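# Reading the structure
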Amino acid sequence: MERRVAERLRGALGPLGLEAHAFKVGWYNAVLQPAFHLPYPDDTLAFVVLSTPSMFEKALKPFVNKELLKIIRDPVDQCISHHLSRVKEKFPDQRVDVMFDYEMLPSRKPKFLAQTAAHVAGAAYYYQRKDVKLDPWGKKIFGVCIHPKYGGWFAIRGLLLFPDIQVPFLEQPSPVDCVSTEEKRIELLEQFNFHWQDGRYRDIIEVKERYSEEQKAYFATPPAERFRLLGLSQEAQRITFH
């Protein structure tokens, strides 16, 4: 069952520059405090959805061109929401729950911890200070996921959960440890925590594909000004924000 679902997801998401990686809810819950657990049985099938560098051209720009006057919030969030909602239609006989990376619980905690989900699914390695033996920092250090193909040039966008599909025999893949030396891990975490604006951490490994210059400019621009970069008119922006 998992393979059939995965193939259908690849067919629907691949042409949009999106990836879906399977995991069991129990793998995720096992490494987190109860406050962050997903409220499903351990053997429940889930997928973490990533956007790759090609998503900008394959999904976002066509979506903006088509849905111009319907964009009422962040265009990327709305684009991903649109396409993952359409994916649910591919499974008319299954319940499919969707969680997005920007959604919060009433407690103000995120609905799910995106980087943990990517790690347990084997999609990207979540590097944290615990991965450094000789910790040189005396302050809080945030971890970061690195994809074996895209480095830091990707994003975790959401979860697809299939509550009616139990996969007790699903084997857990290990994420690729592509930043394997102590020196490189320290460099990665320092670049991400102290120099994240320049994006150098994204190229900590040799990548197969990265964001285009247009896409870099888009994500480096304050959200309220991004509409102009996508070619939205002043009138569309006025409608959008008011």
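Residues numbered from 1 in each chain as written. Predicted model: local features only at pLDDT ≥ 70, side-chain atom pairs only at ≥ 80, totals over all residues. Heavy atoms only, no water.

Further remarks concern helix α4 (residues 75–88). Taking 1.5 Å of rise per residue, the 14 residues of α4 would be expected to cover 20 Å, and the 20 Å separating its terminal C-alpha atoms lies within 8% of that figure. Here α4 lies mainly inside the structure; 10 of its 14 residues are buried. Where α4 begins, one side-chain oxygen reaches toward the backbone nitrogen of Val76, 3.0 Å away; that side chain belongs to Asp74. (Helix = DSSP H or I, 4+ residues; strand = E, 2+ residues; numbered from the N terminus. Expected span 1.5 Å × (residues − 1). Buried < 20%, exposed > 50% of the residue type's maximum accessible area, 1.4 Å probe, protein only. Polar contact = N/O pair within 3.5 Å; in protein donor to acceptor, adjacent residues only side chain to side chain.)

In a packed pair of helices, the relevant descriptors are the angle between the two axes and the axis-to-axis distance. Axis separation between helix α3 (residues 55–66) and α4 bottoms out at 10 Å; the angle between their running directions is 95°. Here α3 lies roughly perpendicular to α4, going by the angle between them. Between α3 and α4, the contacting residues are Met55, Ala59, Leu60, Phe63 and Val64 on the first element and Pro75, Val76, Gln78, Cys79, His82 and His83 on the second. (Axes fitted to C-alpha atoms, helices over the stretch in contact; angles between N-to-C directions. Parallel < 35°, antiparallel > 145°, perpendicular 65-115°, else oblique. Contact = heavy atoms within 4.5 Å.)

What follows is about the side chain of Ser51. Locating Ser51 in the fold gives a position in strand β2 (residues 44–51). Looking at Ser51, its side chain comes within polar contact range of the side chain of Arg157, at 2.9 Å. When neighbours within four sequence positions are excluded, Ser51 is seen to be in contact with Gly17, Leu18, Phe154, Ala155 and Arg157.

Right, let's talk about the packing of α3 against helix α7 (residues 213–220) for a bit. Two numbers describe how α3 lies on α7: the axes approach to 11 Å, and their chain directions differ by 60°. By the angle between their directions, the pair α3 and α7 is classed as oblique. In terms of crossing hand, the pair formed by α3 and α7 is left-handed. Only Glu214, Gln215 and Tyr218 of α7 make contact with α3, whose side of the interface consists of Phe56, Glu57, Leu60 and Lys61. (Left-handed = near helix turned anticlockwise from the far one by under 90°.)

Following the criterion strictly, the structure yields 10 aromatic pairs and no others. Here Phe91 and Phe162 contribute two aromatic rings whose centre-to-centre distance is 5.1 Å and whose plane-to-plane angle is 80°, an arrangement assigned as edge-to-face. Of this pair, Phe91 sits in the loop between α4 and β3 (97–100) while Phe162 sits in strand β6 (residues 155–166), placing them 71 residues apart in sequence. Residue Phe162 is classed as buried on the basis of its relative accessible area of 0%. Where Tyr218 meets Phe219, the ring centres are 5.1 Å apart and the plane angle is 85°; that geometry is what we call edge-to-face. Put simply, the rings of Phe56, Trp153, Tyr211, Tyr218 and Phe219 pair up and form one aromatic cluster. Lying across the ring of Phe36, Lys109 places its NZ or CZ 6.0 Å from the centre. (Phe/Tyr/Trp six-rings, centres within 6.5 Å; stacked < 30°, edge-to-face > 60°. Lys NZ or Arg CZ within 6 Å of the ring centre and 35° of its normal.)

Turning next to the pairing of strand β1 (residues 18–24). Summarising burial for β1: six of the seven residues are buried, a large majority. Pairing of β1 with β2, which is carried by seven bridges, proceeds in the antiparallel orientation. In the sheet register, Ala22 faces β2, and the bridge partner there is Phe47. (Pairing = 2+ DSSP bridges.)

On the basis of which strands lie adjacent, the open sheet formed by four strands has the order β1-β2-β6-β3 and antiparallel pairing. In this open sheet, the two edge strands, each paired with only one partner strand, are β1 and β3. In this sheet, adjacent strand axes meet at a mean angle of 20° when their direction is disregarded. Where β2 lies against β6, eight bridges are found, and the strand directions are antiparallel.

Put simply, the chain has an average pLDDT of 91, and 93% of its residues get 70 or more. Overall, residues 233–242 carries pLDDT values under 50, and its contacts beyond four positions in sequence, including any with other chains, amount to 12 contacts. (pLDDT = per-residue confidence, 0-100.)

For the structure on display, the rule yields zero disulfides. With no disulfide of its own, Cys178 lies closest to Cys145 among cysteine sulfurs, the gap being 9.9 Å. Judged by its relative accessible area of 24%, Cys178 is partly exposed. (Disulfide = S-S within 2.5 Å.)

Our focus in this paragraph is the pattern of salt bridges. Scanning all chains against the criterion turns up 12 salt bridges. Of the charged contacts, one joins Lys24 and Asp43 as a salt bridge, the two residues approaching to 3.2 Å between their closest N and O atoms. In this pair, Lys24 sits in strand β1 while Asp43 sits in the loop between α2 (25–30) and β2, placing the two residues 19 residues apart along the sequence. Under the relative-accessibility criterion, Asp43 is labelled partly exposed at 27%. (Salt bridge = Lys/Arg side-chain N within 4 Å of Asp/Glu carboxyl O.)

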